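Inside the fold
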Amino acid sequence: MKEYQTITEISGPLVFAEVDEPIGYDEIVEIETPNGDTKRGQVLESSSGLVAIQVFEGTEGIDRKSSVRFLGETLKMPVTEDLLGRVLDGSGQPIDGGPEIVPDDRHDIVGAAINPYAREYPQEFIQTGVSAIDGMNTLIRGQKLPIFSGSGLPHNDLALQIARQASVPEEEEGDDDEGSEFAVIFGAMGITAEEANEFMDDFERTGALERSVVFMNLADDPAVERTVTPRMALTTAEYLAFEKGYHVLVILTDMTNYCEALREIGAAREEVPGRRGYPGYMYTDLAQLYERAGRIEGREGSVTQLPILTMPGDDDTHPIPDLTGYITEGQIYIDRDLNSQGIEPPIDVLPSLSRLMDDGIGEGFTREDHEDVANQLFAAYARGEDLRDLVNIVGREALSELDNKYLDFADRFETEFVDQGSETNRSIEETLGIGWDLLGGLPKQELNRIDEEFIETYYPEDAESETAEEVAAD
Amino acid sequence: MSQATETDAVREDGVIESVSGPVVTATDLDARMNDVVYVGDEGLMGEVIEIEGNLTTLQVYEETSNVAPGEPVENTGEPLSVDLGPGMLDSIYDGVQRPLAVLEDQMGAFLDRGVDAPGIDLEKTWEFEPTVEEGDDVAPGDIVGTVPETESIEHKVMVPPDYEGGEVVSVDGGNFAVTETVVELDNGEEIQMRQEWPVREARPAKEKETPRTPLVSGQRILDGLFPIAKGGTAAIPGPFGSGKTVTQHQLAKWADADIVVYVGCGERGNEMTEVIDDFPELEDPMTGKPLMSRTCLIANTSNMPVAARESCVYTGITIAEYYRDMGYDVALMADSTSRWAEAMREISSRLEEMPGEEGYPAYLAARLSEFYERAGKFRNLNGSEGSVSAIGAVSPPGGDFSEPVTQNTLRIVKTFWALDADLAERRHFPSINWNESYSLYTDQLDPWYVENVDENFPDRRQWAVDVLDEEGELQEIVQLVGKDALPEDQQLTLEVARYIRESWLQQNAFHDVDTFCSPEKTYAMLGAIETFNDEAFDALEAGVPVEEIQDIDAAPRLNRMGVQDDWEEYISDLEDSIAEQLREKY
Ligand SMILES: Nc1ncnc2c1ncn2[C@@H]1O[C@H](COP(=O)(O)OP(=O)(O)O)[C@@H](O)[C@H]1O
Ligand SMILES: [Mg+2]
């Protein structure tokens, strides 16, 4: 391995060096500064004679006399089941003072794409205990379902609640074999120490840490390192899922910081920027992370992703949420208005979506009426929301009796169905039960999304008569 | 892809000069534009995209990690081509026609690099039945025999379009591998069941004709309001989650095409898996055969190499054209053309080309129109008629239709199905906005509807359009004063419009029955709403208050027409009950 002292230029996170041997694209580089620090980086562009290096830990302290070593391989993550319970920094080095990690294998962090022909279509319902998710935007094992939030909103509480409560109903029946234990991978990118503590405390309190691997890149850690952290996390997740049979839940937060790091590198390379200054290849780059969720035919485990992103200016047309929504299998919106009304979790179900829901619910998965009930709740809540605008103008009295029922429905939907608190864990039956209870406030013939048979079975007995009485009393 | 055959064109190897993601430059490479090359020690597949003096720029279809300057580049001397022959149906390929099933066998569940595989199995034998005899004269494009390719499709073996043609001097029937010669001509040309064709070049045809038959989709809003012709073009733009993919899947499932080529271009892996899982189980409503036996899938998902994403739409349309040449109606779906455009942009920016609007290369519009130009109804070289219908999803950033890909596409395509996030949020599916969407084929397709569905079809459609328009205007007033402030006849119009929207325009793709709706049923369902309309206005005129009209028991049953298997009886009963219940009131 040759050492060079040939740095020609240092610019932002990039270092350019002259070389006299061929250097591989993506290869790992170590740069030693005059005061003895070693920084790691990666080859971004390699031409004969000159390479461009992206330095993970920041270029601070590097000068033209620093020495550059090329390690002849791409970035690897040492993987082993012993990682469970460990806390690592954003590039995979232990920071918990624990024993050295003896790897079982070393995996390239740029994971190869899963052959779509080898995938198994995810269909297994995960009960999160959160009605707005289970009932309306169901999470499925192997899904990538991001949380679209804004700064200062309680997205972390929701992520933690899901991590705590997530279960697969059949597990309760105890037919789960050893091979499919549950694990959590937590990848933090540029979050504050305070936020990180929120997660760590909860993991410790609930004992979840033992079955977790934590990767920490905090706000004051180098930004460029953030481009590596999720890849380290996902490489570990894939290993645990597809080689060791774990059902892995990966929480990545905050994807917005990740994207900012990409933008920074792009700017330093003087690339032609895409929309709002983000690199034109950001879609591809994000896809290479998000598509690492899923199931593979013939393998036990699964990788479920729950990335969190804060939308700059609460704007979901911003490139970060926009490109994410185009790749992930739905999204859960955290809403500022609901939050200020004290609804907990403040999930706005209307723009939220779970694309894998249709095949993972219904008879044999959740309950026969699930899809119809969800559709009806969506339609009724949307109608109630519309009427709220109108009511502001004309007042409630100007509306028909039916319209007033829809208004009541929308209010109750928020306070009874969505607002459950962060400690309540509802079964899917409870969730659907509350749904029917709310639908009982509407006349039967309004339920046009629901099969007549289900109305027969589930429509609350007393509701119709109540409605009739009200009419009589008018 | 095509395994470039040994030709004398093999040229000097070059040497890698630089590597930056999918773009590699090489020196000393003797190559022509678009030649396929093998890059580096691992022999990764790539294509020549720029030549400048001694420096050649290549786009590489596989990951380039660890590829270094100094490694060799080998030129095949052939442009990027596909293998065409029996075995493409019921197959799933990546963007450069490597069969994903074969790749899985060779390298497991994850896509490794440097593995190549022919687009069609070179060893498998097929039963060739000649349709020519010795002494017959054959010209380019002519059919010389048939092969039972799948349960539903008979594959026609044709004289390649770039042959001269001549007299048949020998012909063999029986079982052959695709590389074996089955017909020989007097000028020495040999015809196999397999041919190659460069993907970036349209296959020739005699002429383009005006399409006059609809591509029946089984989707009410499409067949009923915004039909596409067989040989037509359509765009489906919409923000994420608005229903582009489900609409494309619905078309792939239920459209009455002979052949479906589905291109998953830079989208989700699981969506392709869903097709692979579902299609073999589903039946073509026209033929009763498994859907997969008429389908060819091309999957270059978002996490697969970006250069292969650029080529996958070409691979798809070339395969489509080949089946068109046999005289088939082919429907091609590309989900999403925006990802293809972005792949162009990504490569272009690495080439440091002058960026046009939003960073897209200046040739974006030209590439899009070249692509859609390859669709159409054609008179083929062999005299048969065939068509390629092209339906492209568009994924505008932030859902804003003013962006370059949407705008340039709209300038070309003749059917526009505008998806609407607001409708999707309230789970009005398909979320196709009826005010913004249009079809420029309606006039030329009307005679077909008149002849095959009902004389009154165009009028009934116009009635529905008028009611929806009126509703749009009335809604603006309602937003200000509430519904009850409107006169009764207008309230009734709103009620009728609501039924058109909720029971006719809405269609649940996931309901066993509702997922497919024949044009006859589409027409009859709208008829039932029209009956309600007519009877209701008669009643109103006779002095029945509008609330009483709305409240009849039969009316909500309109909402359940879509899910009826036995719809004829249901609808005629329903129409009777509506009339009866309303007439009772006066
Ligand atoms: N015709 C339909 N019937 C029922 N649900 C639909 C229909 N179209 C779309 N959907 C719902 O909308 C979701 C998003 O649709 P999709 O086609 O994946 O959107 P896009 O491709 O535009 O992002 C689907 O997962 C499904 O739940
Ligand atoms: Mg889609």
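Reading guide: rules and limits
Residues numbered from 1 in each chain as written. Chains lettered and ligands numbered in written order. Predicted model: local features only at pLDDT ≥ 70, side-chain atom pairs only at ≥ 80, totals over all residues. Heavy atoms only, no water. Core = buried A, V, L, I, M, F, W, Y, C linked by side-chain atoms within 4.5 Å. Buried < 20%, exposed > 50% of the residue type's maximum accessible area, 1.4 Å probe, protein only. Helix = DSSP H or I, 4+ residues; strand = E, 2+ residues; numbered from the N terminus. Contact = heavy atoms within 4.5 Å. Pairing = 2+ DSSP bridges. Patch = residues over 30% accessible without salt bridge, like charges linked within 9 Å, V, L, I, M, F, W, Y side chains within 5 Å. Areas by Shrake-Rupley, 256 points an atom, 1.4 Å probe, with all protein chains shown as cover. Salt bridge = Lys/Arg side-chain N within 4 Å of Asp/Glu carboxyl O. Lys, Arg positive; Asp, Glu negative; His and termini not counted. Charge placed at Lys NZ, Arg CZ, Asp CG, Glu CD. Arc of directions from axis to C-beta. pLDDT = per-residue confidence, 0-100. Buried area = accessible area lost by both parts, 1.4 Å probe. Nonpolar A, V, L, I, M, F, W, Y, C, P; charged D, E, K, R; others polar. Phe/Tyr/Trp six-rings, centres within 6.5 Å; stacked < 30°, edge-to-face > 60°. Near = heavy atom within 4 Å. Polar contact = N/O pair within 3.5 Å; in protein donor to acceptor, adjacent residues only side chain to side chain. Axes fitted to C-alpha atoms, helices over the stretch in contact; angles between N-to-C directions.

**Focus on the nonpolar core**
Residues and elements named next belong to chain B. W417, I500, I529 and F532 are the most contacted members of the largest nonpolar core, which has 81 residues in total. Considering each element in turn, this core owes the most residues, ten residues, to helix α13 (residues 519-541). If near-sequence neighbours (up to four positions away) are discounted, F532 is found in contact with E495, V496, Y499, I549, I552, A555, L558, I578 and L582. In terms of nonpolar packing, the next biggest core, distinct from the first, is built from 78 residues, V36, I298, V330 and Y372 among them.

**Here's the deal with the sheet that holds strand β16 (residues 190-192) of chain B**
Residue and element names in this part refer to chain B. Taken together, the four strands give an open sheet; going across it, the order is β10-β13-β15-β16, and neighbouring strands pair in antiparallel fashion. Taken across any chain shown, the strands that pair with only one partner, and hence form the sheet edges, are β10 (137-138) and β16. Two strands pair when backbone bridges link them, and strand β13 (residues 166-171) and strand β15 (residues 181-185) are joined in this way by three bridges, in the antiparallel orientation. Residue V171 lies in a different strand from β15, and its bridge partner there is V183.

**Section: a negative patch on the surface**
All names here are of chain B. Together, D466, D469, E470, E473, E476, D484, E488, D489, E547, D551 and D553 make up a region of like negative charge exposed at the surface. Among the secondary structure elements, those contributing two or more residues to the negative patch are α11 (457-481) and α12 (488-505). The dominant element in the negative patch, judged by the number of residues it contributes, is α11, at five residues. Looking at the secondary structure, you find E488 in helix α12. E488 gets classed as partly exposed once you look at its relative accessible area, which sits at 35%.

**Looking at the pattern of salt bridges**
Residues and elements named next belong to chain B. Evaluation of the coordinates by the stated rule reveals 62 salt bridges over all chains. For D446, the salt bridge is made with R461, and the minimal N-O distance between the two is 2.6 Å. Of this pair, D446 sits in helix α10 (residues 442-452) while R461 sits in helix α11; the two residues are 15 residues apart in sequence, bridging distant segments of the chain. As far as the burial class goes, D446 and R461 line up, both buried. The residue E495 makes a salt bridge to R498 at a minimum N-O spacing of 3.4 Å. Here E495 pairs with R498, and both are found in helix α12, just three residues apart, close to one helical turn.

**Focus: helix α1 (residues 100-107) of chain B**
Residue and element names in this part refer to chain B. All of the buried residues along α1 are L100, L103 and M107. Each buried residue of α1 lies within a common arc of 55° when the element is viewed along its axis, so the set occupies one face. Check the buried side of α1 and you find it contacts β8 (91-93) and β21 (295-300). Positioned one or two residues after α1, G108 has a phi angle of 85°, which is positive.

**As for the confidence of the model for chain A**
When pLDDT is averaged along chain A, the result is 91, and 95% of the positions lie at 70 or above. Here residues 468-474 of chain A scores under 50 on pLDDT; set against residues more than four positions off or in separate chains, the count is three contacts.

**Description of the interface of chain B and chain A**
Counting from both sides, the interface comprises 72 residues of chain B and, opposite them, 81 residues of chain A. Summed over both partners, the interface of chain B with chain A buries about 6,200 Å², with 51% contributed by carbon and sulfur atoms. For the salt bridge of E452 of chain A with R560 of chain B, the shortest nitrogen-to-oxygen distance reads 3.5 Å. Of the residues forming the side of chain B that touches chain A, the biggest block, eight residues, is contributed by helix α4 (residues 269-278) of chain B. Residues of the side of chain B that touches chain A, tallied by class, amount to 26 nonpolar, 24 polar and 22 charged.

**Re the packing of aromatic side chains**
Using the criterion set out here, one finds 23 aromatic pairs over all chains in the structure. Centre to centre, the rings of F409 of chain A and F413 of chain A are 6.1 Å apart; their planes meet at 20°, and the pair counts as stacked. Taken together, the positions of F409 of chain A and F413 of chain A, both in helix α12 (residues 401-418) and four residues apart, correspond to about one turn of that helix. Residue F413 of chain A is classed as buried on the basis of its relative accessible area of 0%. A ring pair is formed by F457 of chain B and Y523 of chain B, whose centres lie 5.7 Å apart and whose planes are at 20°; its orientation type is stacked. Of the two residues, F457 of chain B is situated in helix α11 and Y523 of chain B in helix α13; the sequence distance between them amounts to 66 residues. Side by side, F457 of chain B and Y523 of chain B carry an identical accessibility label, which is buried.

**Considering the site of ligand 1**
In the neighbourhood of ligand 1, 17 residues make up the surrounding shell, with R355 of chain A together with G241, K244, T245 and V246 of chain B lying closest. Residues lining ligand 1 come from chains A and B. Here K244 of chain B contributes a side-chain N or O atom positioned 2.7 Å from an oxygen atom of ligand 1. T245 of chain B places a side-chain nitrogen or oxygen 2.8 Å from an oxygen atom of ligand 1. Taken by itself ligand 1 offers 560 Å² of open surface, and the protein chains cover 93% of this.

**Topic: the sheet that holds strand β14 (residues 174-177) of chain B**
Residue and element names in this part refer to chain B. Here we have four strands laid out as an open sheet, ordered β12-β11-β9-β14, and antiparallel in their pairing. Both outer strands of the open sheet, β12 (154-158) and β14, are each paired with one neighbouring strand and no more. Across the sheet, the mean angle separating the axes of adjacent strands is 40° when strand polarity is ignored. Across four bridges, strand β9 (residues 125-130) lies against β14 in antiparallel orientation. Each bridged residue has a counterpart across the sheet, and for F128 the counterpart in β14 is G174.

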